[in-house]
Amino acid sequence: MERRSFLQAGVAAAAASAGLSGPALSQGAAARTLRFVPQANLANFDPIWGTQYVVRNASAAVWDTLYGVNDKLEPQPQMVEGHTVSSDGLTWTFKLREGLRFHDGEPVLAKDVVASITRWMPRDPMGQMIRAIQQELVALDDRSFRWVLKSRFPKLIYALAKTNTPILFIMPERIARTDPFTQITEYIGSGPMRFVRNEWVPGAKAVFQKFDQYVPRNEPASWLAGGKRIMVDRLEWTVMPDPATASAALQNGEVDWWENPITDLIPVLRRNRNIAVDIADPLGNIGSFRMNHLHPPFNSQKIRQAVLAAMSQEDYMRALVGDDNNLWKALPGFFTPGTPGYTEAGGDILKGPRNMDLAKRLLQEGGYRNEPVVCVVAQDQPITKAMGDVTADLLKRMGMNVDFVATDWGTTGQRRAMKNPPNQGGWSMFHSWHAGADCVNPAAYNAVRANGDGAWFGWPNVPSVEQGVTEWFEAPNETAEKAAMDKINSEAIENVVYAPTGFFLGYQAWRRNVSGVVKGPLPFFWGVSKS
Amino acid sequence: MWAYIIRRILATIPVMAIVALFVFSLLYLAPGDPAAVIAGDQATPADVERIRESLGLDRPYLVRFGAWAWDIFRGDLGTSIFTNLPVSTMIQQRIEPTLSLMVVTLILAVSIAVPMGVIAAWKQGTTIDRFVMAFAVLGFSVPVFVVGYVLAYIFALELDWLPVQGYTPFANGFFPWIENLILPAIALGGVYIALIARITRATMLEVLSQDYIRTARAKGAGQRSILFVHALKNAAVPIVTVVGIGVALLIGGAVVTESVFAIPGLGRLTVDAILRRDYPVIQGVILLFSFVYVLVNLLIDLSYTFFDPRIRY
């Protein structure tokens, strides 16, 4: 007995069923609706104001970009037809391709692009660098705009194409004029899907419809680049906070694609012949043990090095992903494995058997006086919770005095911003993780920066790392870029900007009647169809 | 009677004011920062500070409370920090699923628990009585989420009789609406059934030992008439009181149930808001829950006059 017959037998027979309507979704309509379970709740929808990954992922369907990186991490023209650069490298002139329209029917104009860039720059690390050297950014006509810089910035196109938040999405001028620290109230893009605002229930559901007037590029789609052809009429995001529920819904055919199934449930999903399971993002994630460089004990370089000498990345990774060896790698460095800039320069301290004797000696040399190590560990994030448990054990074995503060992510977010000493509401360490897509180079990799007060939480101040970053930005070719990344890696390890706990991957799962799902740093809905 | 109702409704105003002050103060003192959540993990401290300023979170306690209280006084629950939507709109979006779940659970629980308690009292000391008591212990002991997962596994995954998750509005038809609510209502109703069944049994045992029941028996009244007309009506006041108190249980249980069955109701809205520190939403929802609870208790008090004509207001 199946669902409909059960209900009809049990309830309908006793009721005046003629007056009670049933679901009327036809097979065809169901096939044209893709039901997706995202990684998190789409609580807001402004990709510049809120930089959570889930906002970026939804925004990529609604707003288009000037350039987009492909699966080889190469920037490709997307909304632009092309660009020219003056011989001195200071004047960039861009031309938009024909046929671009916003979802309200208005054409995309150069003035919209200028306003969008202006709003994006203060919120993006690369944008801030460009703004600091910007002389002029003007629309020349409806389809052309010019960007004049005071000094060369060879990575400009990469900045416009990158996948890490905030992405430069193009909005209508009237919306893009909103202060970048204030949320927009209209969600009008020119991307391949339209956001159905009146069906949005934050925390539960978000709906997108195919935008019929979108003109895809002719090239095949590849990540954020190429022809973004939408194969379904409607995309429904259903937020499911409970992984067991999402797993059951996928098995039952109530949803089609689950962005981030937890590792524990993968064997169950794999046993179901209607479900396909594969790696979600080949660029994975990098685990982070972030130390406070301002206060004892981790203001001592030797004590930070002691952590590197003692930590077993295998322990961290097994705590995160279990026994699936396909899901993790040791990472004696800071950059994403498998990408052109990956380097292990200076990473010896993270390789080989762990050396607790060396760690204890470094603690002594660093002048450790049994100060409490305030570990702020978010328990509501499975990744930080698992890493936090390993860290508590590690530090205790090293002979450190652990003050374990079990809290939630919201509190961690507030506490890590405090520069007070640990015993006055501050902190000594916290865990986080960084998307591998953000760590392929130093362009948007805040966590590896070491410019003191301007650096990410922990505020490392290591001029040699910053020198390496500058060299990378100015590098004229790949060889020079590689040399700069070697320098950053070795200096960041030597000074322990932070302690990488390893590289790990995650899965995605979908019903086999769905095709076109690709691996990437975010879920790409173009090219995905359903039978 | 009407004077009593008006007095009770007016009395809710200071209660709600105290709840408002308490909730606001508690959230103000609680750690956590919505600006940090909004800014995302890659944001710099300066970005977080700018967002905090733009949201007015850097203003002093009294200024923030005064502004919020004034808005509440004018009937404005405020705007969500995260979604930029009015809190009243977010509550409106979410109230139907929660109300549906609570009503279905209430109907299910009362229609199962009251007869169970009556029969257990009637058959005191028999296997039936022991079965009812064992069920009550089980209902109290097994957490809602465990019952939820087991039900979903059996009836959705294995038998494919009912959906795993979600909610369909009543406007889309009775069957789609009810099929999404059956499993959550059973899961949520377990504790409630146990509570009502136990109190019904205990009260009925006391009533069944009264002289007027013996008189009714002596006059030849039938068993059904004795149980459901003479005894149950006289036992109703404590039972109805427990049903009212149990609404608080339902509100608390709805938070878990809505997460397990992915029902987009007020319970999940509350949890999401708490995790993100979306203060206006938390404050709005808690005020609503408080009001509902006060209102339910008023209705319960008024219902006493129906069950016991000696009670007059």
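Here is what the cut-offs are and how they apply
- Residues numbered from 1 in each chain as written.
- Chains lettered and ligands numbered in written order.
- Predicted model: local features only at pLDDT ≥ 70, side-chain atom pairs only at ≥ 80, totals over all residues.
- Helix = DSSP H or I, 4+ residues; strand = E, 2+ residues; numbered from the N terminus.
- Buried ≥ 20, exposed ≤ 12 C-beta atoms within 10 Å, placed from the backbone.
- Contact = placed C-beta atoms within 7 Å.
- Nonpolar A, V, L, I, M, F, W, Y, C, P; charged D, E, K, R; others polar.
- Pairing = 2+ DSSP bridges.
- Axes fitted to C-alpha atoms, helices over the stretch in contact; angles between N-to-C directions.
- Core = buried A, V, L, I, M, F, W, Y, C linked by C-beta atoms within 7 Å.
- Left-handed = near helix turned anticlockwise from the far one by under 90°.
- Domains from an automatic or database assignment.
- Expected span 1.5 Å × (residues − 1).
- Arc of directions from axis to C-beta.

**Thoughts on the overall build of chain B**
- In terms of regular secondary structure, chain B is built from 13 helices and zero strands.
- Counting helices and strands in the order they occur from the N terminus, chain B gives α-α-α-α-α-α-α-α-α-α-α-α-α.
- Overall, the C-alpha framework of chain B stretches about 85 × 55 × 35 Å when taken along its three principal axes.
- Relative to its full complement of 313 residues, chain B shows a buried share of 42%.
- For chain B, the share of sequence-separated contacts (at least 6 apart) that also reach a separation of at least 24 residues comes to 72%.

**Notes on the interface of chain B and chain A**
- On the side of chain A, 51 residues touch chain B, which itself brings 52 residues to the contact.
- Residue assignment for the side of chain B that touches chain A shows that the elements contributing at least two residues are helix H2 (34–39), helix H3 (45–55), helix H5 (87–122), helix H7 (144–158), helix H8 (174–179), helix H11 (223–260) and helix H12 (266–276) of chain B.
- With six residues, H3(B) is the largest single contributor of residues to the side of chain B that touches chain A.
- In terms of residue class, the side of chain B that touches chain A is made up of 30 nonpolar, 12 polar and 10 charged.

**What about unusual backbone geometry?**
All names here are of chain A.
- The residue after Thr-165, namely Pro-166, is reached through a cis peptide bond having omega -10°.
- Among the secondary structure elements, Pro-166 is positioned in the loop between helix H6 (156–161) and helix H7 (173–176).
- That bond from Pro-296 to Pro-297 is cis: its omega, 5°, falls within 30 degrees of zero.
- Despite not being glycine, Val-496 shows a phi value in the positive range, around 50°.

**Some details on the sheet that holds strand S4 (residues 80–85) of chain A**
Residues and elements named next belong to chain A.
- Pairing within the open sheet is antiparallel, and its four strands lie in the order S4-S5-S7-S6. The sheet is open, and its two edges are formed by S4 and strand S6 (134–139), each paired on a single side. Adjacent strand axes in the sheet meet at a mean angle of 15° when their direction is disregarded.
- Pairing of S6 with strand S7 (residues 144–149) involves five bridges; the strand directions are antiparallel. Each residue of the ladder has a partner; that of Ala-139, found in S7, is Phe-145.
- Here helix H4 (residues 110–120) sits on the sheet and contacts strand S5 (91–96), S6 and S7; the angle it forms with S6, its principal contact strand, is near 145°.

**Description of the sheet that holds strand S8 (residues 193–195) of chain A**
Residue and element names in this part refer to chain A.
- An order of S8-S9-S10-S1-S11-S19-S12 is seen for the seven strands of this open sheet, with the pairing classed as mixed. Two strands close off the open sheet at either side, each with one partner strand: S8 and strand S12 (275–279).
- Pairing geometry for S12 and strand S19 (residues 507–511), over five bridges, is antiparallel. Bridge pairing links Ala-276 to Trp-510 in S19.
- Most of the contacts of helix H3 (residues 53–62) go to S8, to which it runs at about 120°, and overall it touches S8 and strand S9 (205–210).

**With respect to the nonpolar core**
- Of all hydrophobic cores here, the largest spans 243 residues; its most connected members are A:Ala306, A:Leu320, B:Leu183, B:Ile196 and B:Ala197.
- Per element, the largest residue contribution to this core is 17 residues, and it comes from helix H9 (residues 182–208) of chain B.
- Setting aside anything within four residues of it in sequence, one finds B:Ala197 in contact with B:Ala113, B:Met116, B:Gly117, B:Ala120, B:Val132 and B:Ala136.

**So, the pairing of S6(A)**
- Within S6(A), only zero of the six residues are buried, which leaves it mostly out in the open.
- The hairpin turn running from S6(A) into S7(A), its antiparallel successor, is four residues long.

**Topic: the packing of H5(B) against H9(B)**
All names here are of chain B.
- Axis separation between H5 and H9 bottoms out at 6 Å; the angle between their running directions is 35°. Judged by the sense of rotation from one axis to the other, the crossing of H5 with H9 is right-handed.
- Across the contact of H5 with H9, the residue classes tally to 23 nonpolar, four polar and two charged.

**A look at the domain arrangement of chain A**
All names here are of chain A.
- Annotation of chain A at the domain level lists domain 1 (33–237 + 516–530) and domain 2 (285–504).
- Between domain 1 and domain 2, the C-alpha centre-to-centre distance is 32 Å.
- Tallying the contact residues gives 11 residues for domain 1 and nine residues for domain 2.
- Its residues assigned to classes, the side of domain 1 that touches domain 2 comprises seven nonpolar, two polar and two charged.

**What about the domain arrangement of chain B?**
- Segmentation of chain B into domains returns domain 1 (17–73) and domain 2 (94–266).
- Look at where the C-alpha atoms of domain 1 of chain B and domain 2 of chain B centre, and you get two points 40 Å apart.

**Looking at helix H6 (residues 127–141) of chain B**
Residues and elements named next belong to chain B.
- For H6, which comprises 15 residues, the first-to-last C-alpha distance of 21 Å matches the rise-based estimate of 21 Å (1.5 Å per residue) to within 8%.
- Here H6 has its buried residues at Val-132, Ala-136 and Gly-139. One side of H6 carries all its buried residues, which in axial view fall inside an arc of 65°. Exposed residues lying more than 90 degrees from the buried face of H6 are Thr-127, Ala-134, Val-137, Leu-138 and Ser-141.
- In this structure, the buried side of H6 is in contact with H5 and H9.

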